[in-house]
Amino acid sequence: MSTVEQSRHLATAIPGPRSSELMARKNAAVARGVGTTVPAYAVRASGGIVEDADGNRLIDLGSGIAVTTIGNSAPRVVEAVAAQAAEFTHTCFMVTPYEKYVAVAEALNRLTPGTGEKRSALFNSGSEAVENAVKIARSYTHKQAVVSFDHAYHGRTNLTMALTAKSMPYKHGFGPFAPEIYRAPLSYPFRDAEFGGKEMATDGELAARRAITVIDKQVGAENLAAVIIEPIQGEGGFIVPAEGFLPALLDWCRANDVVFIADEVQTGFARTGAMFACEHEGIVPDLIVTAKGIAGGMPLSAVTGRVEIMDAPHVSGLGGTYGGNPTACAAALATIETIEADGLVERAAHLESLMKNKLGRIQAEDDRVGDVRGRGAMIAVELVKSGTTEPDAELTKALCAAAHRAGVIVLSCGTFGNVLRFLPPLSISDELLLEGLDVIARILADL
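Residues numbered from 1 in each chain as written. Predicted model: local features only at pLDDT ≥ 70, side-chain atom pairs only at ≥ 80, totals over all residues. Heavy atoms only, no water.

**Digging into the overall build of the protein chain**
Reasoning step 1: Regarding its fold elements, the protein chain presents 15 helices and 15 strands.
Reasoning step 2: Here the protein chain has a C-alpha radius of gyration of 21 Å; the compact-globule value for 447 residues is 22 Å, and the two agree.
Reasoning step 3: Across its three principal directions, the C-alpha atoms of the protein chain cover 60 × 60 × 45 Å.
Reasoning step 4: The burial tally for the protein chain puts 56% of its 447 residues in the buried class.
Reasoning step 5: Counting contacts in the protein chain only where the partners sit at least 6 residues apart, residues at least 24 apart contribute 73% of the total.
Reasoning step 6: Total accessible area on the protein chain stands at roughly 18,100 Å², and carbon and sulfur atoms take up 53% of it.
Reasoning step 7: The distance from the centre of the 40 positive side-chain charges to the centre of the 52 negative ones in the protein chain is 5 Å. (Helix = DSSP H or I, 4+ residues; strand = E, 2+ residues; numbered from the N terminus. Rg over C-alpha atoms; globule rule 2.2 N^0.38 Å. Buried < 20%, exposed > 50% of the residue type's maximum accessible area, 1.4 Å probe, protein only. Contact = heavy atoms within 4.5 Å. Areas by Shrake-Rupley, 256 points an atom, 1.4 Å probe, with all protein chains shown as cover. Lys, Arg positive; Asp, Glu negative; His and termini not counted. Charge placed at Lys NZ, Arg CZ, Asp CG, Glu CD.)

Below, the structure is given as structure tokens:
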């Protein structure tokens with residue numbers, strides 16, 4: 001069981017000699033297109049700390065991009081994976097099925113929003129699950145077009161690159177992309193206040209009407225299989241739509257026989273202070289896509305939804321060799337048990353109050369902090385040039401690099417590259433979280 005002392009400690013400069021040596025090996029062996037963010041090679045992690053190859057202990061405010069939500073090497077997950085690996089590591093569910101796949105599907109059908117009869121299918125990555133959700137929606141509706149939104153991120157495969165908004169680094173040079181993908185304007189309150197006025201920034205139904213007008217005119221409901229949206233955008237900048245935006249969009253989809261797909265890859269499994277972010281506005285999507293936090297660090301993803309939609313594809317139309325791998329399923333069951341037994345939904349809400357209080361005080365003293373937003377343990381700071389709303393990507397890049405050198409893992413995101421995102425594991429202590437934010441505050445002041 002991985003246990004690491006829960007304190008920040010700098011044994012060497014970051015990167016230290018061993019991490020530098022490993023980076024040289026990486027550059028000689030790994031394709032250039034696979035980038036890395038923090039110049040420290042991990043050897044152990046637990047709670048809120050990642051220990052690197054040089055003995056440095058870094059405060060983890062990234063959770064492997066929202067994957068180790070319950071904490072790295074969580075005890076129940078380690079035990080479940082070891083036990084399953086000792087029994088069998090793979091048979092392929094489509095060849096010789098096994099109970100844990102069924103148990104994960106049952107758990108997802110129980111946990112996801114909505115009380116109606118549901119079905120689930122398991123895959124490996126968020127991108128793969130998104131692709132399958134689109135396949136399912138097209139099969140059910142016998143229509144082809146799909147709408148995604150400004151600032152969206154849905155993956156790096158050909159279809160999901162088409163759904164993703166940002167060109168560099170996700171799409172640039174990799175086209176042509178899958179056809180019949182269209183884009184609509186999102187509700188982005190901070191930016192809508194600048195360009196659309198206060199009413200557009202605060203009235204989600206008005207912002208939804210703007211989006212629906214674009215969809216009606218450019219696509220037409222009679223051609224539209226699905227609308228896919230992240231209830232809180234991830235890579236796009238942790239954008240929380242104005243209240244009312246998601247329900248109005250869902251109502252329009254229901255009235256026009258369009259499948260509403262919620263991409264909860266980054267927001268799912270207690271991350272936002274609810275089991276799923278859709279719950280904050282009480283919406284019940286037709287299909288919900290999950291991955292990342294689903295299995296405590298093991299590769300697993302899923303599509304869950306209304307039985308009549310999920311059962312539309314023909315037998316053997318869905319699947320994949322590794323989809324619902326037994327060790328990943330064991331990890332998912334242990335992850336769900338941990339969330340429920342340890343009260344981690346409530347823990348995420350507590351971390352939100354800590355982060356928003358601290359970051360709100362920084363914002364009050366520094367006009368380069370344009371916006372503080374998010375839910376649960378998914379909080380963002382949008383950085384701008386002093387006295388303006390102009391995005392400051394250079395400041396963001398410099399702050400992240402300095403934080404990494406100081407032993408704090410923090411990530412950036414956003415269409416304009418100017419958003420700091422905080423995704424601490426829910427097992428982090430209050431003290432470590434606040435120390436990490438203090439380090440970032442000091443660096444921001446120095447910059």
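**Brief notes about unusual backbone geometry**
Reasoning step 1: The peptide bond linking isoleucine 14 to proline 15 adopts the cis configuration, its omega dihedral lying at 5°.
Reasoning step 2: Mapped onto the elements, proline 15 comes out in the segment before helix 1 (17-29).
Reasoning step 3: Phi is positive for histidine 151, close to 70°, though the residue is something other than glycine.
Reasoning step 4: Mapped onto the fold, histidine 151 is located in the loop between strand 5 (145-149) and helix 6 (158-163).

**Some remarks on the sheet that holds strand 10 (residues 301-306)**
Reasoning step 1: Read from one edge of the open sheet, seven strands run 4-10-9-8-7-5-6, paired in mixed fashion. Edge positions in the sheet fall to strand 4 (118-123) and strand 6 (181-184), since each of these pairs with one other strand and no more. Recorded for the sheet is a direction-independent mean angle of 20° between the axes of neighbouring strands.
Reasoning step 2: Where strand 7 (residues 224-229) and strand 8 (residues 259-263) come together, four bridges link them in parallel fashion. Bridge pairing in strand 8 links valine 227 to phenylalanine 260.
Reasoning step 3: Sheet contacts for helix 9 (residues 204-218): strand 5, strand 6 and strand 7; angle to strand 6, the most-contacted strand, approximately 150°. (Pairing = 2+ DSSP bridges. Axes fitted to C-alpha atoms, helices over the stretch in contact; angles between N-to-C directions.)

**Quick look at the side chain of aspartate 263**
Reasoning step 1: Within the secondary structure, aspartate 263 is located in strand 8.
Reasoning step 2: Notably, aspartate 263 is buried but unbridged: the nearest opposite-charge side chain belongs to lysine 292, and the N-O separation is 9.0 Å.
Reasoning step 3: Polar contacts involving the side chain of aspartate 263 include one to the side chain of histidine 154, which spans 2.7 Å.
Reasoning step 4: Of note is the side chain of aspartate 263, whose polar atom sits 3.0 Å from the backbone nitrogen of valine 265. (Salt bridge = Lys/Arg side-chain N within 4 Å of Asp/Glu carboxyl O. Polar contact = N/O pair within 3.5 Å; in protein donor to acceptor, adjacent residues only side chain to side chain.)

**Some thoughts on the packing of aromatic side chains**
In this description, a pair of aromatic rings is defined by centroid distance and the angle of the planes.
Reasoning step 1: Within this structure, the stated rule accounts for six aromatic pairs.
Reasoning step 2: Ring geometry for phenylalanine 88 and tyrosine 98: centres 5.7 Å apart, planes at 65°, overall edge-to-face. Of this pair, phenylalanine 88 sits in the loop between helix 3 (75-87) and helix 4 (99-111) while tyrosine 98 sits in the loop between helix 3 and helix 4; the two residues are 10 residues apart in sequence, bridging distant segments of the chain.
Reasoning step 3: Aromatic rings pair up to connect Phe88, Phe93, Tyr98 and Tyr101 into one cluster.
Reasoning step 4: The aromatic ring of phenylalanine 177 is capped on one face by lysine 171, whose charged end is 5.3 Å from the ring centroid. (Phe/Tyr/Trp six-rings, centres within 6.5 Å; stacked < 30°, edge-to-face > 60°. Lys NZ or Arg CZ within 6 Å of the ring centre and 35° of its normal.)

**Brief notes about the nonpolar core**
Reasoning step 1: Phe149, Phe245 and Phe422 are the most contacted members of the largest nonpolar core, which has 123 residues in total.
Reasoning step 2: Non-local contacts of phenylalanine 422, meaning those with residues more than four positions away in its chain, are made with Leu61, Phe238, Met355, Leu359, Ala377, Met378, Ile379, Val381, Val410, Leu437 and Ile440. (Core = buried A, V, L, I, M, F, W, Y, C linked by side-chain atoms within 4.5 Å.)

**Observations concerning the environment of glutamine 266**
Reasoning step 1: Locating glutamine 266 in the fold gives a position in the loop between strand 8 and strand 9 (287-290).
Reasoning step 2: The class of glutamine 266 is buried, set by a relative accessible area of 8%.
Reasoning step 3: If near-sequence neighbours (up to four positions away) are discounted, glutamine 266 is found in contact with Ile65, Ala66, Gly234, Glu235, Phe238, Arg271, Lys292, Met378, Arg421 and Leu423.
Reasoning step 4: Reaching out from glutamine 266, the side chain makes a polar contact with the side chain of arginine 421 at a distance of 3.3 Å.

**Here's the deal with the pairing of strand 4**
Reasoning step 1: Of all six residues that make up strand 4, five are buried, and the element is covered over most of its length.
Reasoning step 2: Looking at chain direction, strand 4 and strand 10 are connected through six bridges and run antiparallel. Across the sheet, residue serine 120 finds its bridge partner in strand 10, namely threonine 304.

**Details of the environment of serine 429**
Reasoning step 1: Structurally, serine 429 can be placed in the loop between strand 15 (419-422) and helix 15 (430-446).
Reasoning step 2: Taking the relative accessible area as the measure of exposure, serine 429 reaches 26% and is therefore partly exposed.
Reasoning step 3: Along the chain, serine 429 and phenylalanine 93 lie 336 residues apart, while their C-alpha atoms are 39 Å from each other.

**Some details on the sheet that holds strand 11 (residues 369-375)**
Reasoning step 1: What the four strands build is an open sheet, ordered 11-12-15-14; its pairing is antiparallel. Single-partner strands in this sheet number two, and they are strand 11 and strand 14 (411-413). Averaged over neighbouring strand pairs, the angle between their axes works out to 30° when direction is ignored.
Reasoning step 2: Where strand 11 lies against strand 12 (residues 378-383), six bridges are found, and the strand directions are antiparallel. If you follow glycine 374 over to strand 12, its bridge partner there is isoleucine 379.
Reasoning step 3: Each of strand 11, strand 12 and strand 15 is contacted by helix 13 (residues 344-365), which is oriented at about 170° to strand 11, the strand it contacts most.

**Topic: helix 9**
Since there are 3.6 residues in each turn of an α-helix, residues three or four apart along the chain are aligned in direction.
Reasoning step 1: Along its 15 residues, helix 9 runs 21 Å from first to last C-alpha, staying within 8% of the 21 Å computed at 1.5 Å per residue.
Reasoning step 2: Packed against the buried residues of helix 9 are strand 5, strand 6, helix 8 (197-202), strand 7 and helix 10 (245-255).
Reasoning step 3: Positive phi appears at glycine 220, one or two residues downstream of helix 9, with a value of about 90°. (Expected span 1.5 Å × (residues − 1).)

Geometry only, nothing functional implied.
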